[in-house]
Amino acid sequence: MTSSTIAFHPAVNLRELVARRVPGYSLEAPFYTSPAVFDADMEHIFSKHWIYVGVSVDVPEPGDYMTVQLGQQPILIVRDDDNEIRAFHNVCRHRGSRLCAEDKGTVGNLVCPYHQWTYDLSGKLIFADHMQEGFDLSHHSLKSVHLRNMAGLLFICLADEPPADFDAMAEVMTPYIAPHQIDNTKVAVQVDIIEQGNWKLTLENNRECYHCTGNHPELTVSLFAYSYGFAPKEETAEGLRQYEEMVADRHQHWESCGLPSTEVERLSDVSGFRTMRMPLDRSGESQTLDTNAACKKLLADFKDASIGGLSFWTQPNSWHHFMADHIVTFSVIPLSADTTLVRTKWLVHKDAVEGVDYDVKNLTAVWNATNDQDRRLVEESHHGAKSKAYQPGPYSPFTETLVEKFSDWYIRRLGAGLE
Ligand code: 3BY
Ligand code: FES
Ligand code: FE
């Protein structure tokens, strides 16, 4: 290490940093900038919690696979002939080569490129040439990774014993998500962006709409900032009251149509989450530039597009919006202390035809614009966090309560990991 590196990354005492975190304030700079904290995040947050990685229709048919990289861990997600989706370490049991290098593909069996050891779709080694008499194939299956398919959303956990409260989340969330029938969708578009900023800045940004009016002209056409907790100031009190009245009215209507809608907030759980079906502004149909459905063929058996947007946020790395015509889903994967992958997928009905039922530009306009605006905000925050002038600043008790819930969760889970 050069002395200038040392100057920019002073040794951090993680336990001390965690212990002295002041609630209600953004985190101290090393949480955003230090490679040591990044390593701890990968070990204690991203290797011990349920991480959202994709959807069932990323691998729609038996033999379809996708790969994801979590820190140093290459992971393979495969749909077996029995239609089960399973996850494995993407590492050959011979001499450790990565098995699949592509992001996605389709295979009959999983054949290692190095010496062609061959695994079936359930991870069992079925062929290994030139091995001695008595070599036991069954002792060399792929190492499995925990995977849960929650109504089509795929979560993996690298821990030997994953957090058990995932089941409680799935019990609450399945009735909310299932009506949108992810299994009957297709991924119309996927966009990966790499933000030059720490992943926690991406998450903090996602948990508030304080910044929406000033930054998201496209999103605020349909999205009400009130849905993220908004302010009892004189001038907003009446707006908030009217919004809450509308929410109560819409919720009653949607619930009577079999669509769970009321807010559930369990952000402090180990598998923390929040959900709510939010009314959308104007025509109320979709998060599009004109608020009308972007896909003529609606999801599932929806007849009416005005069912608002079911939002679902999870600790530590995802958020999702389910509408009548499409679903947009976000997975955040840290790459280093100062780079973060944000993977956005737009899902439409599997039989919807591009150019006939939907136009990709119209479908993706709002979130491509919003993601780019948020990327810039995250990158500017990251620049600021590296300054010697940076010090933790106060969260608004009105518009940033959900940001505090993210930071508090992170500090508690990191603290638990360090114990
Ligand atoms: O909807 C979201 O995911 C939030 C809204 C506020 C900003 N952010 C991108
Ligand atoms: Fe996979 Fe040799 S490393 S077959
Ligand atoms: Fe934003």
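Residues numbered from 1 in each chain as written. Chains lettered and ligands numbered in written order. Predicted model: local features only at pLDDT ≥ 70, side-chain atom pairs only at ≥ 80, totals over all residues.

- The name an unreviewed UniProt entry assigns to the chain is Aromatic ring-hydroxylating dioxygenase subunit alpha, from the organism Vogesella facilis.
- Database annotation for the chain, UniProt heading Cofactor (unreviewed entry): "Fe cation".
- The heading Sequence similarities (unreviewed entry) in the UniProt record of the chain holds the text "Belongs to the bacterial ring-hydroxylating dioxygenase alpha subunit family." (UniProt positions renumbered as here; feature names shortened; annotations may be inferred.)

Remarks on the site of ligand 1
So, step 1. Looking at ligand 1, the residues that line it are Asn206, Cys209, Cys212, Tyr228, Trp319, Thr370 and Asp374.
So, step 2. Looking at the shell around ligand 1, its residues break down into four nonpolar, two polar and one charged. (Near = placed C-beta within 6 Å. Nonpolar A, V, L, I, M, F, W, Y, C, P; charged D, E, K, R; others polar.)

Here's the deal with the pairing of strand S15 (residues 318–322)
So, step 1. Extensive coverage of S15 is indicated by the burial of four of its five residues.
So, step 2. Here strand S14 (residues 309–314) pairs with S15 via five bridges, running antiparallel. Its bridge partner lying in S15, Trp313 is registered against Trp319.
So, step 3. In this structure, the hairpin formed by S14 and S15 is closed by a connection of three residues.
So, step 4. In this structure, S15 lies alongside strand S16 (residues 327–336), joined through five bridges in antiparallel fashion. Bridge pairing in S16 links His321 to Val328.
So, step 5. Connecting S15 to the next strand, S16, in antiparallel fashion are four residues. (Buried ≥ 20, exposed ≤ 12 C-beta atoms within 10 Å, placed from the backbone. Helix = DSSP H or I, 4+ residues; strand = E, 2+ residues; numbered from the N terminus. Pairing = 2+ DSSP bridges.)

Remarks on the UniProt feature "domain: Rieske" (unreviewed entry) in the chain
So, step 1. On the UniProt side, "domain: Rieske" (unreviewed entry) is annotated at positions that read residues 52–156 here.
So, step 2. Segment residues 52–156 splits into 0% helix and 42% strand. End C-alpha atoms: 7 Å apart.

Let's talk about the packing of helix H6 (residues 199–206) against helix H10 (residues 401–418)
So, step 1. The geometry of H6 relative to H10 is characterised by a closest axis approach of 8 Å and an angle of 145 degrees between their N-to-C directions. The hand of the H6/H10 crossing is right-handed. On H10, the residues touching Lys200, Leu203 and Glu204 of H6 are Val403, Phe406, Ser407 and Tyr410.
So, step 2. Taken together, the residues of the contact of H6 with H10 break down into four nonpolar, one polar and two charged. (Axes fitted to C-alpha atoms, helices over the stretch in contact; angles between N-to-C directions. Left-handed = near helix turned anticlockwise from the far one by under 90°. Contact = placed C-beta atoms within 7 Å.)

Digging into the packing of helix H4 (residues 35–45) against H10
The packing of two helices is summarised by the inter-axis angle and the distance between the axes.
So, step 1. At their nearest, the axes of H4 and H10 sit 9 Å apart, and the two run at 85 degrees to each other. Between H4 and H10, the angle is such that the two are roughly perpendicular. Residues Ala40, Glu43, His44 and Ile45 of H4 form the contact with H10, whose own contacting residues are Tyr410, Arg413, Leu414, Gly417 and Leu418.
So, step 2. Residues of the contact of H4 with H10, tallied by class, amount to five nonpolar, two polar and two charged. (Parallel < 35°, antiparallel > 145°, perpendicular 65-115°, else oblique.)

Some remarks on the nonpolar core
So, step 1. Of all hydrophobic cores here, the largest spans 107 residues; its most connected members are Leu76, Ile77, Leu154, Phe155 and Ile156.
So, step 2. When we break this core down by domain, the ones giving at least three residues each are domain 1 (54–150) and domain 2 (166–418).
So, step 3. Among all residues touching Ile156, those that are not within four sequence positions of it are Ile51, Val53, Ile75, Ala87, Val145, His146 and Leu147. (Core = buried A, V, L, I, M, F, W, Y, C linked by C-beta atoms within 7 Å. Domains from an automatic or database assignment.)

Examining the sheet that holds strand S6 (residues 110–111)
So, step 1. Taken in spatial order, the three strands line up as S6-S7-S8 in an open sheet, and their pairing is antiparallel. The open sheet has two free edges, formed respectively by S6 and strand S8 (125–127), since each of these has just one partner strand.
So, step 2. Pairing of S6 with strand S7 (residues 118–119), which is carried by two bridges, proceeds in the antiparallel orientation. Each bridged residue has a counterpart across the sheet, and for Val111 the counterpart in S7 is Thr118.

Structural notes on unusual backbone geometry
So, step 1. A cis amide bond links Gln315 to the next residue, Pro316, at an omega of -5 degrees.
So, step 2. When you line up the elements, Pro316 lands in the loop between S14 and S15.
So, step 3. Although it is not a glycine, Asn83 sits at a positive phi angle of roughly 75 degrees.
So, step 4. Within the element layout of this structure, Asn83 appears in the loop between strand S3 (73–79) and strand S4 (85–89).
So, step 5. In this model, Ala300 sits at a positive phi of 50 degrees, which is unusual for a non-glycine residue.
So, step 6. Positionally, Ala300 belongs in the loop between strand S13 (273–278) and S14.

With respect to the environment of Thr314
So, step 1. Relative to the helices and strands, Thr314 is located in strand S14.
So, step 2. Each residue touching Thr314, except ones within four places of it in the same chain, is listed here: Tyr52 and Phe273.

What to know about the sheet that holds strand S12 (residues 264–266)
So, step 1. The seven strands lie next to each other as S11-S17-S16-S15-S14-S13-S12, forming an open sheet whose pairing is antiparallel. The open sheet has two free edges, formed respectively by strand S11 (185–195) and S12, since each of these has just one partner strand. Direction aside, neighbouring strands of the sheet carry axes that sit 15 degrees apart on average.
So, step 2. Bridge analysis of S16 against strand S17 (residues 339–349) gives nine bridges, and the strand direction is antiparallel. Note that in S17 the partner of Thr329 across the bridge is Lys345.
So, step 3. Strands S11, S16 and S17 of the sheet are contacted by helix H9 (residues 360–385), whose axis makes an angle of about 25 degrees with S11.

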